[in-house]
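# Overview (structure and organization)
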Amino acid sequence: MNSARVKTFYYLMKLGREFELAAKEQYMQGNIAGFLHLDIGQEACSVGTMQAFDKGDVFTHYREHVLAIARGMDPKLIMAELFGKVTGVSKGKGGSMHLFEPKLDFYGGDAIVAAHLPIATGCAYARKIEGEMAGVFAIFGDGATNAGAFFESLNIAAAWKLPIIFFCENNYYAIGTRIGWVSPFEELYHKARHYMPSTRINGMDVCEVYEAVMKAKEHIEEGLGPYFIEAETYRYEGHSMSDNGKYRSEEEMEIFKSRDPIENLKKEALKLGIVEPEYFEETNKKVAKEIQEAIEFAANSPEPDLSELYEDVYCKECTNVIP
Amino acid sequence: MLYREALNRAIDESMAADKSVVILGEDVGRYGGSYRVSEGLFAKYGPKRVIDTPIAELSIVGNAIGMAIAGLRPIAEIMTVNFSLLAMDQIVNHAAKFRYMSGGKMTIPLTIRMPGGVSRQLAAQHSESYETIYSAVPGLIVLAASNATYAYHALKAAIFLNDPVIFLEHELLYPMEMDFKEIENFDPFKAQVIKEGENLTILTYLKMRYDVLQAVPQIEKELGISVEVIDLNSLRPLDMKTISDSIKKTKRVVLVEEDHKTGGYGAEVIARISEQLFYELDAPPLRIAGEDVPIPYNRKLELASIPTPDKIVTQIVQWSQANGL
Ligand SMILES: Cc1ncc(C[n+]2csc(CCOP(=O)(O)OP(=O)(O)O)c2C)c(N)n1
Ligand SMILES: [Mg+2]
């Protein structure tokens, strides 16, 4: 454990957690609407992966606020997007599920389960022929591993030895469906084993996530083809704000909460004496301030103008020829 | 009765009446359905007949076709129409064509239920209406349930029809409390005159029915006319008789739909009216439809992208004035 890295992990996970708590509150106050999928409990996956995979292209599903923050997206721009404001990262047109920022090589925010996997795979193909071996990172849930698009992507990535990391956040549920009801096994790394190196890790431990992605990164950069990581994790909230998550037992919830990625990182760091206790206090304050600023920024930003309705359907050149 | 309760009752009674009726889809079993349509059915009929599937729309429909071939009467639930695109090949190339390609030897008694439309700020990938796509496929029946009475009777009828039915629901209707009436010898293919009038026919379906009904008093007041409103109910086949009887009386027609205007289902209806009833019309027909844009997340833009009662009033008044009515 390296002190500077642990500090960064803590800061980003805390920022992510507080962002999500704030988003939840703003949703309940009516400032955010639509589907809001919170990442609370899963921060180690979002932060550990993005800290390790610091170059290359990222493709994600709709539970992506913390991943975006960890990638370097300004929480202000994300909060403004959730508020549907024109200052939001997608101009208020995408909302919570559709954060895109090509400048960060961050390509959604896709809300069709598993649909981003063939896209990520195609991107990896292009990177390979360009000689860009930083490759591609694709993150998805347990539910996505039952889709045809998932298996097609594993096959193609392996057949063509593409530089892509498949990262599965196994939180055991796809909305209210337990993975074991619709998959022959719950340890999902088995699904990729015949195609590529495939491993299962503790997704509640940010250091373990980081190490696993570093290893996967070396593998793809060396041109050895794709790599699969299954991270066991848990969402503390319902699937989205419109689901109470009550199909899960209290016991199960307690087991995972006792493995909380943020609390445990702090405990471990203090025990090892590699981070001074004041750091956590200071960081919490800094995070609270940043979140407050994000909310104020979002609240004070203007709505998109009605003229925005027909903007961005086509590129400028095409807009001129299409009535 | 809540709209979703009417659907639940139709499925429940069909399953009780015939052991070959099964339901499959994402979260339909233990969870009770993401819109609670299948609530209680898992406990009552068990996992063999109330089937929780993985997120695999192609297989949901493909498996349902196989079950139908084997003698079951499956009800496949696709969580929303948006995801039905993943099942498009099974629906269009297989369910819709097996009877014809086999020279009439194959029968696919399959009902595919799916809600669609613009709900509330669900953004572009969760707000589509694809009735125009399914209505363009020979071999499919397409029903659009706007209300509890129709939903109940038409779904029961669909389950026992011997051809594939696309059964369209709307996400905003599920929690709505609605009048409910049991009807004998119900015809699911008949359009319904939901308000009688003399001077203008408004055709609509699904959730737009309610926006139209809200707009009508204002239209009647501003224009000093009486308006007839027809809920199409069945999109394929289309009940041209009811439409034509009304237009012959009113001489004017407006179609209101939520889907994008270009290539929307309304385009087909208006084309048929133009072909068959051109000389009955005193004014060019009007389509009031969604804008030709992906649905935006921001609420103001979202509302700007679809018809609302206010917009229906304004556009009809403008159209009347432009046509000297
Ligand atoms: C193709 C498709 N089918 C269904 C849905 C509806 N849906 C949205 S999220 C979801 C569950 C996904 O679960 P999982 O992949 O485990 O990810 P998690 O939400 O747990 O992070 C479902 C069924 C969808 N968005 N896309
Ligand atoms: Mg999951």
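Residues numbered from 1 in each chain as written. Chains lettered and ligands numbered in written order. Predicted model: local features only at pLDDT ≥ 70, side-chain atom pairs only at ≥ 80, totals over all residues. Heavy atoms only, no water.

### With respect to the overall build of chain B
The test is simple: Strands are runs of DSSP state E lasting at least 2 residues, helices are runs of H or I lasting at least 4, and numbering of each runs from the N terminus. Each radius of gyration is computed over the set of C-alpha atoms, and the globule rule expresses the reference value as 2.2 Å times the number of residues to the power 0.38. Partly exposed describes any residue whose relative accessible area lies between the buried limit of under 20% and the exposed limit of over 50%, with all areas from a 1.4 Å probe on protein chains only and scaled to the type maximum. Here, two residues are considered to be in contact whenever any of their heavy atoms come within 4.5 Å of each other. Each accessible area is a Shrake-Rupley result for a 1.4 Å probe, and residues are judged covered by the shown protein chains and nothing else.
The secondary structure content of chain B amounts to 13 helices and 12 strands. Taken over the C-alpha trace, chain B has a radius of gyration of 20 Å; the compact-globule value for 325 residues is 20 Å, and the two agree within 12%. If you line up chain B on its principal axes, its C-alpha atoms span 60 × 45 × 35 Å. When burial is assessed residue by residue, chain B has 58% of its 325 residues classed as buried. Of the contacts formed within chain B by residues at least 6 apart in sequence, a portion of 81% connects residues at least 24 apart. Of the roughly 12,400 Å² of accessible surface on chain B, 53% is carried by carbon and sulfur atoms.

### Quick word on the interface of chain A and chain B
The following threshold applies: The term buried area denotes the loss of accessible surface (1.4 Å probe radius) that occurs when two parts are joined, taken as the sum for both partners. Here a salt bridge means any side-chain nitrogen of Lys or Arg lying within 4 Å of a carboxyl oxygen belonging to Asp or Glu.
With 37 residues of chain A at the contact, the number on the chain B side is 28 residues. Approximately 2,800 Å² of surface area, both sides summed, lies buried where chain A meets chain B, with 66% of it carried by carbon and sulfur atoms. The largest contributions to the chain A side of the interface with chain B come from Ile112, Leu309 and Tyr310 of chain A, which together make up 20% of the buried area. Inspection of the chain A/chain B interface yields zero salt bridges. Secondary structure elements with two or more residues in the side of chain A that touches chain B: α4 (75–82) and α7 (179–182) of chain A.

### So, the nonpolar core
For the record, the criterion: Put simply, buried Ala, Val, Leu, Ile, Met, Phe, Trp, Tyr and Cys residues joined by side-chain atoms within 4.5 Å make one nonpolar core.
Residues Met79, Ile164, Phe167, Phe228 and Ile229 of chain A are the most contacted members of the largest nonpolar core, which totals 96 residues. The element best represented in this core is helix α1 (residues 3–28) of chain A, accounting for 10 residues. Excluding residues within four positions of it along the chain, Met79 of chain A makes contact with Phe19, Ala22, Ala23, Ile32, Ala294, Ile295 and Ala298 of chain A. One finds Ala76, Met79, Ala87 and Leu110 of chain B within the second-largest nonpolar core, a separate group that totals 51 residues.

### Quick look at the coordination of the magnesium ion (ligand 2)
Convention followed: Donor criterion used throughout: N, O or S atom within 2.8 Å of the metal, extended to 3.2 Å for Na, K and Ca. Water excluded; incomplete-looking sites may result.
The protein atoms donating to the magnesium ion (ligand 2) are Asp142 of chain A (OD), Asn171 of chain A (OD1) and Tyr173 of chain A (O), with metal-donor distances spanning 2.1 to 2.2 Å. Classification of Asn171 of chain A by relative accessible area gives buried; the value is 5%.

### Considerations on the domain arrangement of chain B
Residues and elements named next belong to chain B. Cut-off, in case you're wondering: An automatic or database domain assignment is the source of the domain bounds shown.
When the domains of chain B are assigned, the result is domain 1 (3–170) and domain 2 (192–322). Taken over C-alpha atoms, the centre of domain 1 sits 27 Å from the centre of domain 2. Taken together, the contact between domain 1 and domain 2 spans 29 residues of the former and 24 residues of the latter. Carbon and sulfur atoms supply 52% of the area that domain 1 and domain 2 bury against each other, a total of about 2,300 Å² over both sides. For domain 1, the biggest contributors to the area lost against domain 2 are Val118, Gln121 and Ser146; these three give 26% of the whole. Between domain 1 and domain 2 we count zero salt bridges in total.

### What about the sheet that holds strand β9 (residues 227–231) of chain B?
All names here are of chain B. Note the threshold: Strand pairing requires that DSSP identify at least two bridges connecting the strands. Think of each axis as a best-fit line through the C-alpha atoms, taken over the contacting stretch in the case of a helix, with angles from 0 to 180 degrees between the N-to-C directions.
Pairing is mixed across the open sheet formed by five strands, whose spatial order is β7-β9-β8-β11-β12. Each edge of the open sheet is held by one strand with a lone partner, namely β7 (192–195) and β12 (286–290). Taken over all neighbouring pairs, the strand axes of this sheet differ in orientation by 25° on average, direction set aside. Sitting on the sheet, helix α10 (residues 240–250) touches β7, β8 (200–204), β9 and β11 (253–260), and the angle it makes with β9 is about 170°.

### Focus: the state of the cysteines
Residues and elements named next belong to chain A. Heads up, the condition is: Cysteine sulfurs are considered disulfide-paired once they come within 2.5 Å of each other.
If you walk through the whole model with that rule in mind, you get zero disulfides over all chains. Cys45 provides the cysteine sulfur closest to Cys168, a residue in no disulfide bond, and the two sulfurs are 9.3 Å apart. Using a relative accessible area of 0% as the deciding quantity, one classes Cys168 as buried. Free of any disulfide, Cys315 has its nearest neighbouring cysteine sulfur in Cys318, separated by 3.3 Å.

### Considering the packing of aromatic side chains
As a reminder of what qualifies: Ring pairs are drawn from Phe, Tyr and Trp, using the six-membered ring of Trp, whenever the two centres fall within 6.5 Å, and their geometry is named by plane angle: stacked under 30 degrees, edge-to-face over 60, tilted for the rest.
Counted under the stated rule, the structure contains 22 aromatic pairs over all chains. Measuring from ring centre to ring centre gives 5.5 Å for Tyr247 of chain A and Tyr31 of chain B, while their planes differ by 70°; the resulting arrangement is edge-to-face. With one member in each of two chains, Tyr247 of chain A in the loop between β9 (227–232) and α9 (250–257) and Tyr31 of chain B in the loop between β1 (21–25) and α2 (41–45) form a pair that bridges those chains. Its relative accessible area of 23% is what places Tyr31 of chain B among the partly exposed residues. Aromatic side chains Tyr35 of chain B and Tyr174 of chain B sit 4.7 Å apart centroid to centroid with 20° between the ring planes, which places their arrangement in the stacked category. Placement of the pair is Tyr35 of chain B in the loop between β1 and α2 and Tyr174 of chain B in the loop between β6 (165–170) and β7, with a sequence separation of 139 residues.

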